[in-house]
Amino acid sequence: MMPTVKGGQLKVLTKDQIEKIHYVSLYVLENVGVKIQEENALEILDDVGANVDLKTQVVKIPSHLVEEAVKKAPNKIILSGKTSEYDLELADTNVYTFSGGSLVYVLDLEGRHRLATLKDLEDLTRLQDRLENPHLMHCTVIPSDVPIPGCSLIRYVTTTKNTWKHTFADAEGKQGVRDLVKLASIITGDEEEVRKKHVFTTCSCLVSPLKQNRESVEVIIEAARYNIPNIIDAMPLAGGTAPVTLAGLLVQQNANILCGVMIAQLVNPGAPCIYGSAAGIMDMRTGNISGAAPEEGLIAAASAQIAHYYGLPCMTGIGLDSKIPDQQAGYERGINFLTHALGGTNLYVDATGALEQERLCSYEQVVIDNEILQMVYRILKGIKVTDETLAVDVIEKVGPLGTHFLSQEHTRKYMRKEFWFPDLTDRNRWKAWEKMGAKDIRERAREKAKKILKEHWPKPLPKDIEKDLDRAAREAQKRLLKTQK
């Protein structure tokens, strides 16, 4: 199991406020409804007593049906890496990081801004496999040199071949889930192992306000059937696709997610569902989404509280607003992740490398973000207070006549336990820094990234498995390309 620490120290909502949001969400589901653009889901909901209008596809769901279904979802999900040391336990307020994903552009190590390629996907995966963060690997970029139909399958195979960490994979509808299960079965050797071990995670992106399109609902249903962990992800935009008030956004988001979780539980009681909030605000001056506004952090912390109220693991996060690895990117990532982590999210998505509101991935930013996240994890660990750490005997020994604690055994014993030691951050004074080349953090990050990419090659899968993976992905893509003609 990968090591983690617990968040949840920050409570932006009181218990009464959470319950008020819960009951208003149930009111919205029962009296306003959700538009569900998938016939099987409409039939499933109709069979249990929901009010289904087949003409408008709007479903109104009695409160007791929602509450009964959501209770069946598991409160703990183990996401498996290739070996158990990479397993993640999504439970309580364990905090893990989740790489940037589905980004279109890269800012490469030569400073070029360009469309991402399959080689970038391979390199960015290797880079992040070597770093402590992320714990879970997204298919970081969408390669421009791969046809879009079936691209998610090629991305999954490329990613899983270059990391031993748990892998996330986008699914293109119900057939996409089936194809991913087939690919994962090649690695595990058995489809039943895929069902039991949770070797990949997928996502259903809901539409705001209060809509669920066909492809997303197909993924909810098919992932539930195969027992695949699924992020039921709402992406409302305060002031745009959701009320401008954060409380109103939380109600709308919550209603949509609960509806998705309910469908999954009706298909397969106990299906692993993750409460996903990739919410932001609309910048009223530009009309753009802002993923690093302080309000986004509040939404994330509140979403984590609401998810844990239902006993559901939680994912939150969205890319930074900055376009380059600059001071803005630094303070955005630091404040953003600290708020999410203290709020108790289980998975912080777009944690490494993602810039420009989830459009761009920077190699340098990946390395810088890893350092920032390490600092935040040290804060989450807090202060251990014991008889030995209170250090009364050491204070007595040095006393008012002593000058320092450097020579004390207590210092040698605890310094690496108490202090976080940076790898990238420079703590020298001017002359020493100047003597070492006067490099700024982007230069140091660039050098570290190049070194890792030159030296780090994750242990490969057996050659026959890699060949079978590549062949199966290409065959599935050919089938999809034919259907597009």
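Small disclaimer: the values here were computed from a predicted structure and weren't measured. Each chain carries its own residue numbering, running from 1 in the written order of its sequence. Restriction of local features to residues with pLDDT of at least 70 applies here, the model being predicted, together with a cutoff of 80 or more for giving and counting side-chain atom pairs; totals for whole chains, interfaces and linings are based on all residues. Only hydrogens and water are set aside; all other atoms, that is, all heavy atoms of the structure, feed into the side-chain values.

Focus on the pattern of salt bridges
Note the cut-off: Salt bridge, as applied in this entry: a Lys or Arg side-chain nitrogen positioned within 4 Å of an Asp or Glu carboxyl oxygen. A helix here means a DSSP run of H or I that spans at least four residues, while a strand means a run of E at least two residues long, and both kinds are numbered starting from the N terminus. Burial status follows relative accessibility: with a 1.4 Å probe on protein chains alone, a residue under 20% of its type maximum counts as buried, one over 50% as exposed, and anything between as partly exposed.
A full pass over the atoms with the stated rule returns 27 salt bridges. We note a salt bridge from Lys450 to Glu110, for which the minimum N-O separation is 3.8 Å. Residue Lys450 is found in helix H17 (residues 441–455), and its partner Glu110 is found in the loop between strand E8 (105–107) and strand E9 (113–115); the two are separated by 340 residues along the sequence. Exposure remark for Lys450: the relative accessible area of 39% places this residue in the partly exposed category. Close ionic contact of Asp123 with Arg126 constitutes a salt bridge, the shortest N to O distance being 3.0 Å. Taken as a pair, Asp123 and Arg126 lie in helix H4 (residues 118–130) at a separation of three residues, close to a single helical turn. Arg126 matches Asp123 in its accessibility class, with the two residues each being buried. Each of Asp108, Arg112, Arg114 and Asp120 takes part in a single network of salt bridges with overlapping partners.

Quick notes on the nonpolar core
Let me state the cut-off plainly: Only buried Ala, Val, Leu, Ile, Met, Phe, Trp, Tyr and Cys residues count toward a nonpolar core, and they belong to the same one when joined by side-chain atoms within 4.5 Å. Every residue pair with non-hydrogen atoms within 4.5 Å of one another is taken to be in contact.
Formed by 55 residues in total, the largest nonpolar core has its most connected members in Ile36, Leu45 and Ile61. It is helix H9 (residues 246–267) that contributes the most residues to this core, eleven residues altogether. With sequence-adjacent residues up to four places away left out, Ile36 is seen in contact with Ala41, Leu42, Leu45, Gln57, Val59, Gln212, Val217, Cys259 and Ile263. Formed by 27 residues, the second largest nonpolar core is a distinct cluster that contains Val177, Leu183, Val219 and Ile228.

Structural notes on the side chain of Ser216
Note that Ser216 resides in helix H8 (residues 214–226). Looking at Ser216, the relative accessible area reads 8%, which means it is buried.

Description of the pairing of strand E14 (residues 230–234)
Our working definition: When DSSP finds at least two bridges between two strands, those strands are taken to pair.
The buried fraction of E14 is high, at five of five residues. Burial along E14 is two-sided: Asn230, Ile232 and Ala234 and Ile231 and Asp233, pointing in opposite directions, are all buried. Note that strand E12 (residues 200–205) and E14 share four bridges and pair parallel. Residue pairing for E14: Thr202 is matched across the bridge by Asn230. Relative to strand E16 (residues 273–277), E14 runs parallel, the two sharing five bridges. Paired with Asp233 across the two strands is Gly276, which belongs to E16.

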